[in-house]
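Tertiary structure, described
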Amino acid sequence: MNPAEERPTEFDEKLQGLLGRCAAADADALQRLYVLVSPILFACVTRILRRRALAEEALQDVFISIWQQAGQFSAMRGRPMAWMMSIARYRAIDLLRRERYAPTLVAELPERRSIDVQSESEGGSAAWLPSSELMERCLALLSDMQARCLELAFVDGSSHEDIARLVGSPLGTVKSWIRRGLRSLRQCLES
Amino acid sequence: MKPDNPEIIDRLASEYVLGTMRGPARRRFERWRASTPLVDQRCRFWEECLMRLAKGLTPVQPPAHVWPAIQRRLKLTTHRPALRRMRSFALAASIVLVAGLAGLLYWRSHQTVRATLVSTISAKSGEHIWELEVFGNADRLVVHAARLPARPAGRDYELWALPKGGAPVSLGVLPSEGASSRILTPIQKRALAISSQVAVSIEPHGGSPTGQPTGDVLYVAPLRAPS
């Protein structure tokens with residue numbers, strides 16, 4: 001089962017409505033959307049880019065893309081937050097490449113964050129992230145190192161080489177953890 | 001050569017979404033995704049799944065100057081607070097009147113914001129179902145849904161460009177109500193440039209999984225320059 005097929009939350013529906021209005025060129029809707037989701041998207045690009053000025057540039061680009069592509073968003077194909085977060089992550093990864101700024105400069109392994117997040121944005125605590133028992137169950141099946149490597153790649157934008165350096169394991173082992181972790185998730189989610 | 005094995009496609013999609021696919025391979029994959037619904041579908045699956053890995057992210061308020069910068073770049077104007085709006089109402093009204101007249105004259109003389117292509121998809125009874133407008137300057141397709149016929153549950157109507165001598169190119173799922181506006185990809189623009197017709201097929205929820213029409217083609221309508 002695809003988590004996208006789970007029932008949309010009230011927050012999803014609010015975002016969908018705003019994206020629909022953006023597609024019809026309603027500038028007030030984009031501003032409302034910015035208030036609601038910019039804190040989490042800014043956190044996302046800052047974590048990958050690690051430089052505030054670059055993260056601010058990325059956030060501008062992200063909202064310009066959201067405005068221009070809002071008409072392409074289809075609630076039938078996914079949740080609005082996953083769509084917007086993907087735009088943000090891909091933009092940050094593109095900027096990493098353009099700036100030739102690699103997170104290999106980070107010497108230490110970032111701390112793992114707590115699961116409960118107090119969101120400052122409207123919608124309350126981590127309202128941007130719908131609960132998904134299925135996904136939680138599947139993530140719990142991963143080994144510690146598989147989960148750690150996937151998190152470093154997805155959240156921190158780390159490459160295979162960066163992860164190998166950060167966790168102090170051979171590159172081949174890291175690639176194997178990632179490959180097996182993704183396979184395990186797919187099998188669990190689609191079973 | 002692009003793989004057609006679903007397992008390989010899925011593995012590539014997961015690596016792309018995770019971010020470990022880098023460099024030229026990432027650029028090539030992005031182009032492939034833009035033109036292949038099955039690849040796009042697998043990417044969306046992984047985008048939904050992996051989003052939970054970011055559950056530890058703590059939201060960070062962006063600096064106050066970022067939103068005005070976005071407004072400037074998009075040339076947006078949003079509604080001002082009531083007091084300021086009241087104060088500037090008279091001035092704004094005059095400006096709007098003058099700008100409106102100037103805009104009307106500009107529109108008539110240059111017609112740069114007019115659609116470059118239009119199409120009306122109608123039922124046999126003659127009732128309009130969808131109106132399409134393609135804006136060449138903005139590379140934007142706007143679809144207005146009018147009177148939609150009943151459709152089977154869990155299915156969608158998908159729009160196709162029919163390029164001369166080539167396979168149909170998807171222009172996306174059609175809206176069931178209201179208007180939708182989307183930016184065209186380079187592949188869609190090229191297909192429209194050599195198409196004289198568009199078609200609508202009935203497809204599974206979310207659009208054709210193969211990149212080509214899989215259900216019945218229900219409507220074919222000519223693309224024409226606006227009158």
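Please read these numbers as outputs of a predicted model, since none were measured by experiment.

Our next topic: the overall build of chain A. For chain A, the count of helices and strands is eight helices and zero strands. Starting at the N terminus and ending at the C terminus, chain A contains elements arranged as α-α-α-α-α-α-α-α. When each of the 191 residues of chain A is scored for burial, the buried share is 46%. Taking contacts inside chain A between residues at least 6 apart in sequence as the whole, the part at least 24 apart equals 68%.

Next up on the list: the nonpolar core. Residue and element names in this part refer to chain A. One finds Cys-22, Leu-41, Cys-44 and Val-45 to be the most contacted residues of the largest nonpolar core, which totals 73 residues. It is helix H2 (residues 27–49) that provides the largest number of residues to this core, a total of 13 residues. Ignoring anything within four residues of it in the chain, the contact list for Leu-41 reads Leu-59, Val-62, Met-84, Met-85 and Ala-88.

Moving on to the interface of chain A and chain B. Between chain A and chain B, the residue contacts involve 64 residues of the former and 44 residues of the latter. Of all the elements in the fold, those that place two or more residues in the side of chain A that touches chain B are H2, helix H3 (52–69), helix H4 (80–99), helix H5 (133–140), helix H6 (144–156) and helix H8 (171–190) of chain A. Here the residues of the side of chain A that touches chain B are counted per class, giving 34 nonpolar, 19 polar and 11 charged.

Okay, the confidence of the model for chain A next. With 78% of its residues at a pLDDT of 70 or more, chain A has an overall mean of 81. With pLDDT under 50 throughout, residues 101–126 of chain A is counted as low confidence; its partners more than four residues away or in other chains account for 48 contacts.

This part takes up the environment of A:Glu56. Along the chain, A:Glu56 falls in helix H3. Residues A:Glu56 and A:Thr46, spaced 10 residues apart in sequence, show a C-alpha to C-alpha distance of 8.2 Å. Excluding anything up to four places from it in sequence, A:Glu56 contacts B:Pro62, B:Pro63 and B:Val66.

Attention shifts here to the packing of H6(A) against H8(A). Residues and elements named next belong to chain A. Interaxial distance between H6 and H8 falls to 8 Å at its minimum, and their mutual angle equals 95 degrees. Comparing the axis directions of H6 and H8 gives the class roughly perpendicular. Two secondary-structure elements touch here, H6 through Met-145, Gln-146, Ala-147, Cys-149, Leu-150 and Ala-153 and H8 through Val-174, Trp-177, Ile-178, Arg-180 and Gly-181.

All right, on to the sheet that holds strand E4 (residues 155–163) of chain B then. Residue and element names in this part refer to chain B. Sheet architecture is open: four strands sit in the order E5-E4-E7-E8, paired in antiparallel fashion. Both outer strands of the open sheet, strand E5 (169–173) and strand E8 (217–222), are each paired with one neighbouring strand and no more. The mean angle between the axes of side-by-side strands here comes to 25 degrees, regardless of whether they run parallel or antiparallel. Pairing geometry for E4 and strand E7 (residues 195–204), over eight bridges, is antiparallel. From the neighbouring strand, Arg-155 faces E7, where its bridge partner is Pro-204.

Glancing now at unusual backbone geometry. At A:Arg50, a position not held by glycine, the phi torsion is positive, near 60 degrees. For A:Arg50, the position within the fold is in the loop between H2 and H3. Overall, the presence of 18 C-beta atoms within 10 Å leaves A:Arg50 in the partly exposed class. A positive phi angle, near 55 degrees, is found at B:Lys75, a position not held by glycine. Structurally, B:Lys75 is set in the loop between helix H4 (66–74) and helix H5 (82–87). A count of 7 C-beta atoms within 10 Å places B:Lys75 in the exposed class.

What counts as what
Residues numbered from 1 in each chain as written. Chains lettered and ligands numbered in written order. Predicted model: local features only at pLDDT ≥ 70, side-chain atom pairs only at ≥ 80, totals over all residues. Helix = DSSP H or I, 4+ residues; strand = E, 2+ residues; numbered from the N terminus. Buried ≥ 20, exposed ≤ 12 C-beta atoms within 10 Å, placed from the backbone. Contact = placed C-beta atoms within 7 Å. Core = buried A, V, L, I, M, F, W, Y, C linked by C-beta atoms within 7 Å. Nonpolar A, V, L, I, M, F, W, Y, C, P; charged D, E, K, R; others polar. pLDDT = per-residue confidence, 0-100. Axes fitted to C-alpha atoms, helices over the stretch in contact; angles between N-to-C directions. Parallel < 35°, antiparallel > 145°, perpendicular 65-115°, else oblique. Pairing = 2+ DSSP bridges.

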